[in-house]
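As a plain string of letters, each chain reads:
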Amino acid sequence: MSSSMCHVLQGQCLLMHSTELIVSAPGKAILHGEHAVVHGKVALAVSVNLRTYLRLQPSSSGILRLHLPNIEVFASWDVSTLLPLRLPRAADPRDLNKLDLALFQRLHDFTGFTDEAPDTHSMAVLAFLYIYLSIFAESRELPAFTVTVCSELPTGAGLGSSAAFSVCLSAAMLSVQGAISLPPVHPESTARWRKEELELINIWAFQGERVIHGTPSGVDNAVGTWGGILRYCAGNITPLSRVPMLRILLTNTKIPRSTKLLVAGVRDKIKKFPSIMAPVLDSIDGISITCEQTLQEMANDATPEHYSVLEELMDINQHHLNVVGVGHASLDHLCRVTLARGLHSKLTGAGGGGCGITLLRPDTDSLVLQSVTRELRDCGYDCWETSIGVPGVQLHSASSVKGDVLSVLNSY
Ligand SMILES: Nc1ncnc2c1ncn2[C@@H]1O[C@H](COP(=O)(O)OP(=O)(O)O)[C@@H](O)[C@H]1O
Ligand SMILES: C[C@@](O)(CCOP(=O)(O)O)CC(=O)O
Ligand SMILES: [Mg+2]
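Residues numbered from 1 in each chain as written. Chains lettered and ligands numbered in written order. Predicted model: local features only at pLDDT ≥ 70, side-chain atom pairs only at ≥ 80, totals over all residues. Heavy atoms only, no water.

> Mind showing me how you'd approach unusual backbone geometry here?
What is expected of a backbone is that most residues other than glycine have negative phi and most peptide bonds are trans. Backbone geometry places His35, a non-glycine residue, at a positive phi of 70°. The residue His35 is located in the loop between β1 (21-32) and β2 (43-58) in this model. You can call His35 buried: its relative accessible area is 6%. Although it is not a glycine, Glu72 adopts a positive phi angle of roughly 55°. Take Glu72: it is sitting in the loop between β3 (63-68) and β4 (73-78). Judged by relative accessible area, Glu72 falls into the exposed class, the value being 64%. (Helix = DSSP H or I, 4+ residues; strand = E, 2+ residues; numbered from the N terminus. Buried < 20%, exposed > 50% of the residue type's maximum accessible area, 1.4 Å probe, protein only.)

> So what exactly am I meant to see when it comes to the site of ligand 1 here?
Close to ligand 1 lie 20 residues; Thr120, Gly156, Gly158, Ser161 and His213 are nearest. Ala157 is positioned with one of its backbone polar atoms (N or O) 3.5 Å from an oxygen atom of ligand 1. Interatomic distance of 3.4 Å between a side-chain N/O atom of Arg257 and an oxygen atom of ligand 1. When the free accessible area of ligand 1 is taken as 560 Å², the share hidden by the protein chains comes to 97%. Breaking the shell around ligand 1 down by element, the ones donating at least two residues are α4 (120-135), α5 (161-177) and α6 (195-213). In terms of residue class, the shell around ligand 1 is built from eight nonpolar, eleven polar and one charged. (Near = heavy atom within 4 Å. Polar contact = N/O pair within 3.5 Å; in protein donor to acceptor, adjacent residues only side chain to side chain. Areas by Shrake-Rupley, 256 points an atom, 1.4 Å probe, with all protein chains shown as cover. Nonpolar A, V, L, I, M, F, W, Y, C, P; charged D, E, K, R; others polar.)

> Would you mind going over the site of ligand 2 with me for this structure?
Residues in contact with ligand 2 amount to 19 residues; listed here are only the nearest, Lys28, Gly160, Ser217, Arg257 and Thr259. Separating an oxygen atom of ligand 2 from a side-chain N or O atom of Ser217 is a distance of 2.6 Å. Arg257 is positioned such that a nitrogen or oxygen atom in its side chain is 2.6 Å from an oxygen atom of ligand 2. Surface burial for ligand 2 is 98%, taken as the share of its 380 Å² of free accessible area covered by protein chains. Looking at the shell around ligand 2, the elements with two or more residues in it are β1, α7 (219-226) and α8 (259-272). Both domains that furnish three or more residues to the shell around ligand 2 are identified here as domain 1 (3-237 + 397-410) and domain 2 (243-386). (Domains from an automatic or database assignment.)

Here you go:
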């Protein structure tokens, strides 16, 4: 972290902005490396063209409101009741490498939520309050505003909805606090923040992910912040600029699952069978590295043989993910249905249900695609071809937001 950023992090509340703002962040698909990345291995991840949108409206009512229509949360607090929960922000910015457990405990006591049975509502509310009380820890007053979040992403399906949510919260609240600027945004257009500001957004989004996931790797919030295609390993983010434009079919099996529980399950398995699981994680690391090399070669000249390598890597990784215990019958079925048409799939994200990705070749026949899509939909799955590599977190002019999203944001 640069010293100037430390200064901002420690800053005595610069200028508090009091304008309405709309921000958005994309979801992601992990090509390879989910779960292994939590244990220091390489992951390759891409942003997808489904976004989470957040609208923040300042208020003079002294009431902080949170509207999360996707998960039916409508909460409000008198800011005076939140004041006693605040703790001075840690003097050492390196402490942002973990959660402030004292604040976390206070929030549990205040809300009455328990850590044993984390549910959709409590995780979202805790992440919101945690980021709010941390970012405004040193502000003279706690600001009142209404935050409304609406997402195109399925919640809890492996496409990084938790990270897109955390990135939006972080960007909006850092902007209000004045720790980052409000870049000028022209009508019908969007704007991005500077590199150092994006780094700050990413750091605070990571805290939100910690509240929701327990021990996230940080790959999802990195994609939500930076967008594009990234290699991620132990906190090091490398954008991959020279890669072919991959065609990806996304399938949501709609089997609900929790990233937090799946990540904890993998940790238990590694603890129970260290000598068996370590080689599997190493092999997943090898898959990510081989995939990255193959993609780089393909940027110059993509051949059918390159696609065969990518397909084989997906098959091997899908087996590994079953071995580490994050498979599901619905995902096995997805792989079988697509393979019957010559297409290769694997789960993406935490697994246990949720989404899978299928690699399409540039010349995959549209009739093949139509029949495989129909068959997957007949299983009750959602299925669509997605664009990848879209921009990360953005500030929007209201007229740049799609009509249906804007009408949801405006209806609360
Ligand atoms: N649009 C949203 N509104 C409110 N909370 C959300 C939203 N999207 C995600 N979340 C929070 O993130 C959690 C899902 O995170 P997770 O289990 O990591 O799944 P994923 O990130 O794969 O979608 C939800 O339980 C909720 O707490
Ligand atoms: C399983 C993991 O690798 C990805 C989780 O992604 P998602 O929450 O299922 O979208 C966890 C992580 O990297 O933090
Ligand atoms: Mg998540």
